[in-house]
Amino acid sequence: MTTSTLTLGHVLNALGAEHQPPVGLEEIRVIRHVFKPGHDGHLQGPEDLTTEKVMEYTRRQSISTKSFPAAPERYWVAFVADGQSRSRLWGSFENLGEREDERTEHNRFWSLCPVGLLAGLEGRLVIDWSSPLTWNRAATRAADLPVIEIADRDAVPFPGFDHVLLPFHELQDMVEDSRYAQWRTALSEVQGIYLITDSSTGKQYVGKADGAERILGRWRSYARDGHGGNVGLRSLMELDPQADVTVGQARHLVFSLLRVFGPSTSSSEVDAAESHYKEALLTREFGLNRN
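Note on numbering: residues in each chain are counted from 1, in written sequence order. Under the rules for a predicted model, residues below a pLDDT of 70 receive no local features and side-chain atom pairs below 80 are neither given nor counted, while totals for whole chains, interfaces and linings still include all residues. Hydrogens and waters are ignored; side-chain quantities use all the structure's heavy atoms.

**As for the packing of aromatic side chains**
Logical step 1: Under the pairing criterion, centres of Phe, Tyr and Trp rings, with the six-membered ring standing for Trp, must be within 6.5 Å; the plane angle then separates stacked pairs below 30 degrees from edge-to-face pairs above 60, leaving the rest tilted. A complete count under the given rule lists 13 aromatic pairs for this structure.
Logical step 2: Between tryptophan 76 and tryptophan 110, the aromatic rings sit 6.1 Å apart at their centres with planes inclined by 70°, giving edge-to-face as the arrangement. A residue pair is termed long-range when its members are at least 10 positions apart, and tryptophan 76 in strand β3 (residues 75-81) and tryptophan 110 in strand β5 (residues 107-115) qualify at 34 residues.
Logical step 3: In this scheme, a residue with accessible area under 20% of its type's maximum is buried, one over 50% is exposed, and one in between is partly exposed, where area comes from a 1.4 Å probe on protein chains only. Judged by its relative accessible area of 3%, tryptophan 110 is buried.
Logical step 4: For the cation-ring pair, arginine 29 lies above phenylalanine 68, with the distance from its terminal atom to the ring centre recorded as 5.9 Å. Strands here mean DSSP runs of E at least two residues long; helices mean DSSP runs of H or I at least four residues long; both are numbered from the N terminus. In our convention, an over-ring charge means Lys NZ or Arg CZ found within 6 Å of a ring centre and within 35 degrees of that ring's normal.

**Some thoughts on the side chain of arginine 29**
Logical step 1: Mapped onto the elements, arginine 29 comes out in strand β1 (residues 28-33).
Logical step 2: Only 2.6 Å separates the side chain of arginine 29 from the side chain of asparagine 136, close enough to count as a polar contact.
Logical step 3: Residue contacts are counted whenever heavy atoms from the two residues lie within 4.5 Å of one another. Sequence-distant contacts of arginine 29, defined by excluding residues within four places in its chain, comprise Phe68, Pro69, Glu73, Tyr75, Trp76, Val77, Asn136, Arg137, Ala138 and Ala139. N or O atoms closer than or at 3.5 Å make up a polar contact, with two conditions inside protein: a donor-capable atom paired with an acceptor-capable one, and, for residues adjacent in sequence, both atoms drawn from side chains.

**Re the environment of tyrosine 75**
Logical step 1: Checked against the element boundaries, tyrosine 75 lands in strand β3.
Logical step 2: Separated by 50 residues in sequence, tyrosine 75 and leucine 25 place their C-alpha atoms 9.5 Å apart.
Logical step 3: Setting aside residues up to four positions removed in sequence, tyrosine 75 forms contacts with His19, Val23, Glu27, Ile28, Arg29, Phe93, Glu94, Val115 and Leu117.

**Looking at the nonpolar core**
Logical step 1: Buried Ala, Val, Leu, Ile, Met, Phe, Trp, Tyr and Cys residues that are joined via side-chain atoms within 4.5 Å together make up what is termed a nonpolar core. Within the largest apolar cluster, 25 residues are counted, with the highest numbers of intra-cluster contacts made by Leu171, Met174, Tyr194, Trp219, Tyr222 and Phe255.
Logical step 2: In terms of residue count, the dominant contributor to this core is helix α6 (residues 214-225) (5 residues).
Logical step 3: For tyrosine 222, the residues in contact, after removing those within four places along its chain, are Phe168, Leu171, Tyr194, Ile196, Tyr205, His227, Gly228, Asn230, Leu233 and Phe255.

**Points about the pattern of salt bridges**
Logical step 1: For this document, the term salt bridge refers to a Lys or Arg side-chain nitrogen within 4 Å of an Asp or Glu carboxyl oxygen. Taken as a whole, this structure holds 17 salt bridges when the rule is applied.
Logical step 2: In this structure, lysine 53 engages aspartate 48 in a salt bridge whose closest nitrogen and oxygen atoms are separated by 3.1 Å.
Logical step 3: Its relative accessible area of 43% is what places lysine 53 among the partly exposed residues.
Logical step 4: Overall, aspartate 48 belongs to the buried group, its relative accessible area being 8%.

**A word on unusual backbone geometry**
Logical step 1: Glutamine 20 connects to proline 21 through a cis peptide bond whose omega is 0°.
Logical step 2: Relative to the helices and strands, proline 21 is located in the loop between α1 (8-18) and β1.
Logical step 3: The residue arginine 214 is not glycine, and still its phi comes out positive at about 60°.
Logical step 4: When you line up the elements, arginine 214 lands in helix α6.

**Let's talk about the environment of glutamate 52**
Logical step 1: Relative to the helices and strands, glutamate 52 is located in helix α2 (residues 51-59).
Logical step 2: Taking the C-alpha atoms as reference, glutamate 52 lies 27 Å from glutamate 149; in sequence the two are 97 residues apart.

**Things to note about α6**
Logical step 1: Along α6, the residues classified as buried are Arg214, Ile215, Leu216, Arg218, Trp219, Ser221, Tyr222 and Ala223.
Logical step 2: Trailing α6 by a residue or two, glycine 226 shows a phi angle of about 90°, which is positive.

**Here's the deal with the side chain of serine 92**
Logical step 1: With respect to the secondary-structure elements, serine 92 resides in strand β4 (residues 86-98).
Logical step 2: Reaching out from serine 92, the side chain makes a polar contact with the backbone nitrogen of leucine 117 at a distance of 3.3 Å.
Logical step 3: Each residue touching serine 92, except ones within four places of it in the same chain, is listed here: Trp76, Val77, Cys113, Pro114, Val115, Gly116, Leu117, Leu118 and Glu122.

**Regarding the sheet that holds strand β11 (residues 204-209)**
Logical step 1: Any two strands are treated as partners once DSSP identifies two or more bridges connecting them. As summarised here, the arrangement of the 4 strands in space is β9-β12-β10-β11, forming an open sheet in which the pairing is antiparallel. The sheet is open, and its two edges are formed by β9 (165-167) and β11, each paired on a single side. The mean angle between the axes of side-by-side strands here comes to 25°, regardless of whether they run parallel or antiparallel.
Logical step 2: As defined by bridge partners, β9 adjoins strand β12 (residues 253-261) across 3 bridges and the pair is classed as antiparallel. Its bridge partner lying in β12, proline 167 is registered against valine 254. In this analysis, axes come from line fits to C-alpha atoms, helices being fitted only over the stretch in contact, and the angle between any two N-to-C directions falls in the range 0 to 180 degrees.

**Concerning the pairing of β5**
Logical step 1: Across 3 bridges, strand β2 (residues 60-62) lies against β5 in antiparallel orientation. Across the sheet, the residue bridging to arginine 60 is phenylalanine 109, located in β5.

Structure follows, in structure tokens:
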């Protein structure tokens, strides 16, 4: 094992030492699953990566000890193929022993229990599992597999101004949640014309954010109360001002951008664009704009 490259062995040793009781490499088996669409009894795709389905799939092993050991280790760490040689950590199980009463001519079945051995890295740790391609190994033999990345999969990348589409509950997350840091940075830098659509009726509202407020500042006000002070939108909200907007009509609102402007664009240019979109989308006649 080299010391200049972070490896799976380094990770397993470090986190295993923190576990109670401590877990060494000799107590771990590493497994790599791949999707096999159209093959009954196999994981078909990402939709099958539930605890129940992965556990049921993992606990069934071949009767042949050449394929899987007769007395496997106590802890099983499962990865899922994430590209040609990339494998992403799914999670881990504690092996409570074989269920000999379930053994068949072709398979053995193990009693597994989910365990948070590597909980902090689930979905984030990616290793290079390219050679050899054996789908299960003792951790002592997999220790040299290099770590490619430890990513924050929870971060939501900003899709670009042309692709912003936020239901109300996601708007509330966007203005507060650390996962949307990229969004807040981008939306705090631009003025613009935005569109709010009531998905339950199809009615639309065209609004603007100009001056120092920017898109982010304007949308923060909508996230608080659902209407941001707009007369047309206020009429959709709960009559009770103390009501939770997430259970009222606000939950049907979807936010998008029609046009963005740099911070130095004049207010007159932003106003002209707002008026154009109100006319083009007929939001005064058939929508929620009142002026």
